[in-house]
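What the coordinates show
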Amino acid sequence: MTYFQRLIINTLAFISLSVLFPSMFYVNNFMIAIVASVVLSALNVLVKPILHILSLPITLITFGLFSFVINGIMLKFTSVIVGEQNFAFSSLGAAVFISLLLSLINSIVINRHVDRY
């Protein structure tokens, strides 16, 4: 799956999840969803590996479940960079929940794409 396809999937997932959970997650418009998807991708490449290394003991103690919290933190960072008036979460718990759903959506789409070829 190409980088562009992942950006489209994340953008559509952001829009869909903001419609499904309006009290937890807010996206101003489609263009903001695209910007947030690009910012999240950049943060996942630059910051996420550092957070995984720093949180390795906690991740081992929780048998890897802390990685969901790291994904939620990455979404909160995205919200701060994009602007909380345009892309926001009601709490860190909401960001963790949305990151869990986003991971689920990405894994379903990626697995469906792999099975096709």
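All values reported here derive from a predicted model rather than from experimental measurement. (Residues numbered from 1 in each chain as written. Predicted model: local features only at pLDDT ≥ 70, side-chain atom pairs only at ≥ 80, totals over all residues. Heavy atoms only, no water.)

**Some thoughts on the environment of Leu-75**
Looking at the element boundaries, Leu-75 is found in helix α5 (residues 66–82). Along the chain, Leu-75 and Ala-88 lie 13 residues apart, while their C-alpha atoms are 9.0 Å from each other. What Leu-75 contacts, discounting residues up to four positions off in sequence, is Phe-14, Leu-40, Phe-87, Phe-89, Ala-95, Ile-98, Ser-99 and Leu-102. (Helix = DSSP H or I, 4+ residues; strand = E, 2+ residues; numbered from the N terminus. Contact = heavy atoms within 4.5 Å.)

**Re the packing of helix α2 (residues 30–46) against α5**
Between α2 and α5, the least distance of the axes is 9 Å, while the angle of their chain directions is 125°. Taken together, the axes of α2 and α5 lie oblique to each other. Pair α2 / α5 crosses with right-handed handedness. Contacts between α2 and α5 involve Ile-32, Val-35, Ala-36, Val-39, Leu-40, Leu-43 and Asn-44 from the former and Met-74, Leu-75, Phe-77, Thr-78, Ile-81 and Val-82 from the latter. The residue makeup of the contact of α2 with α5, split by class, is eleven nonpolar, two polar and no charged. (Axes fitted to C-alpha atoms, helices over the stretch in contact; angles between N-to-C directions. Parallel < 35°, antiparallel > 145°, perpendicular 65-115°, else oblique. Left-handed = near helix turned anticlockwise from the far one by under 90°. Nonpolar A, V, L, I, M, F, W, Y, C, P; charged D, E, K, R; others polar.)

**A few points about the UniProt feature "transmembrane region" (unreviewed entry) in the chain**
Summarizing the sequence annotation, UniProt attributes the feature "transmembrane region" (unreviewed entry) to residues 7–24, 30–47, 54–75 and 87–110 in the numbering used throughout. In the segment residues 7–24, helix accounts for 78% and strand for 0%; the C-alpha atoms at its two ends are 22 Å apart. (UniProt positions renumbered as here; feature names shortened; annotations may be inferred.)

**Quick look at the packing of aromatic side chains**
Following the criterion strictly, the structure yields six aromatic pairs and no others. For the ring pair Phe-25 and Phe-87, a centre distance of 5.3 Å and an interplane angle of 85° mean the geometry is edge-to-face. Of this pair, Phe-25 sits in strand β1 (residues 25–27) while Phe-87 is found in strand β2 (residues 87–89), placing the two residues 62 residues apart along the sequence. Accessibility classification places Phe-25 together with Phe-87 in one group, the buried group. Ring plane angle 90° and centroid distance 5.5 Å describe the contact between Phe-87 and Phe-89, whose orientation is recorded as edge-to-face. Across this residue pair, the class does not change: Phe-87 and Phe-89 are buried. Cluster of aromatic residues (ring-pair linked, three or more members): Phe-14, Phe-25, Phe-87 and Phe-89. (Phe/Tyr/Trp six-rings, centres within 6.5 Å; stacked < 30°, edge-to-face > 60°. Buried < 20%, exposed > 50% of the residue type's maximum accessible area, 1.4 Å probe, protein only.)

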